[in-house]
Amino acid sequence: MTGWGKKLADVDEEQLRQQLRTETDPKAVKRLTVALLYADGSSPYEIERLLGIPAQTVYDWLDTVAEREGVALGDLPRGGSRPRLTDDQWDELTATLQAPPSEAGIDAPAWRPSLVREYIAENFGVKYSHAHMYRLMKKAGLSVQTARPIHYQADPEEQRRWRAEFKKSGRR
């Protein structure tokens, strides 16, 4: 364990200052600022009072700066869960989705998220949430279209007149 003030003993302070001038990642800028304050003699608890960053986070960031030596101080890419569909299944699905549902033997005018979800469950044995279908369809190159509440070319005056007539006729 390093003593106070020695966490960045092997880190070049000028390199940190240079990197801070060119850094665009907000997280890296925060880490560099904390490291420079620490290098200038501020304790983690003084940095906490000054910046509002918890002292434990300051310690963690100092460790990160020391480990990476000023390189790539932003968050590392996070791995997600691996896809449930294999590459071959994904290729088959995207090819199917590029054609109308009728070509897949489905009686529907267009692919909808619920329809894609059922198709995947039946053909590949994989179950996804309804919400995930929107992401999956976008990834496959499809757009989910919804009906407009008001047509973009509609005349507002004509709509008001029609509503007034509709109410008078009692067909409400």
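Structure: above.
Residues numbered from 1 in each chain as written. Predicted model: local features only at pLDDT ≥ 70, side-chain atom pairs only at ≥ 80, totals over all residues. Heavy atoms only, no water.

### Concerning the nonpolar core
Point 1. Judged by nonpolar contacts, the single largest core of 17 residues is most densely connected at Leu-85, Leu-93, Val-116, Ile-120 and Leu-136.
Point 2. Listed by contribution, the elements that provide at least two residues to this core are helix 5 (87-98), helix 6 (113-124) and helix 7 (130-139).
Point 3. Top contributing element to this core by residue count: helix 6, with five residues.
Point 4. Excluding anything up to four places from it in sequence, Leu-85 contacts Trp-90, Leu-93, Ile-120, Phe-124, Val-126 and Tyr-128. (Core = buried A, V, L, I, M, F, W, Y, C linked by side-chain atoms within 4.5 Å. Buried < 20%, exposed > 50% of the residue type's maximum accessible area, 1.4 Å probe, protein only. Helix = DSSP H or I, 4+ residues; strand = E, 2+ residues; numbered from the N terminus. Contact = heavy atoms within 4.5 Å.)

### Observations concerning the environment of Val-11
Point 1. Within the element layout of this structure, Val-11 appears in the segment before helix 1 (13-22).
Point 2. For Val-11, a relative accessible area of 16% gives the class buried.
Point 3. Beyond its immediate sequence surroundings of up to four residues, Val-11 is in contact with Leu-16, Val-65 and Ala-66.

### Observations regarding the packing of helix 3 (residues 44-51) against helix 4 (residues 55-68)
Point 1. Contact geometry of helix 3 with helix 4 gives a least axis separation of 8 Å together with a crossing angle of 115 degrees. As judged from the angle between their axes, helix 3 and helix 4 are roughly perpendicular. When you trace helix 3 past helix 4, the crossing you get is right-handed. Within the contact between the two elements, helix 3 uses Pro-44, Tyr-45, Ile-47 and Glu-48 and helix 4 uses Ala-55, Val-58 and Tyr-59.
Point 2. For the contact of helix 3 with helix 4, the residue count by class is six nonpolar, no polar and one charged. (Axes fitted to C-alpha atoms, helices over the stretch in contact; angles between N-to-C directions. Parallel < 35°, antiparallel > 145°, perpendicular 65-115°, else oblique. Left-handed = near helix turned anticlockwise from the far one by under 90°. Nonpolar A, V, L, I, M, F, W, Y, C, P; charged D, E, K, R; others polar.)

### Observations concerning the packing of aromatic side chains
Point 1. For the structure on display, the rule yields four aromatic pairs.
Point 2. Aromatic side chains Trp-111 and Tyr-119 sit 5.6 Å apart centroid to centroid with 70 degrees between the ring planes, which places their arrangement in the edge-to-face category. Just as Trp-111 is buried, Tyr-119 falls in that class too.
Point 3. A cation sits over an aromatic face here: Lys-139 above Trp-90, 4.8 Å from the ring centre. (Phe/Tyr/Trp six-rings, centres within 6.5 Å; stacked < 30°, edge-to-face > 60°. Lys NZ or Arg CZ within 6 Å of the ring centre and 35° of its normal.)

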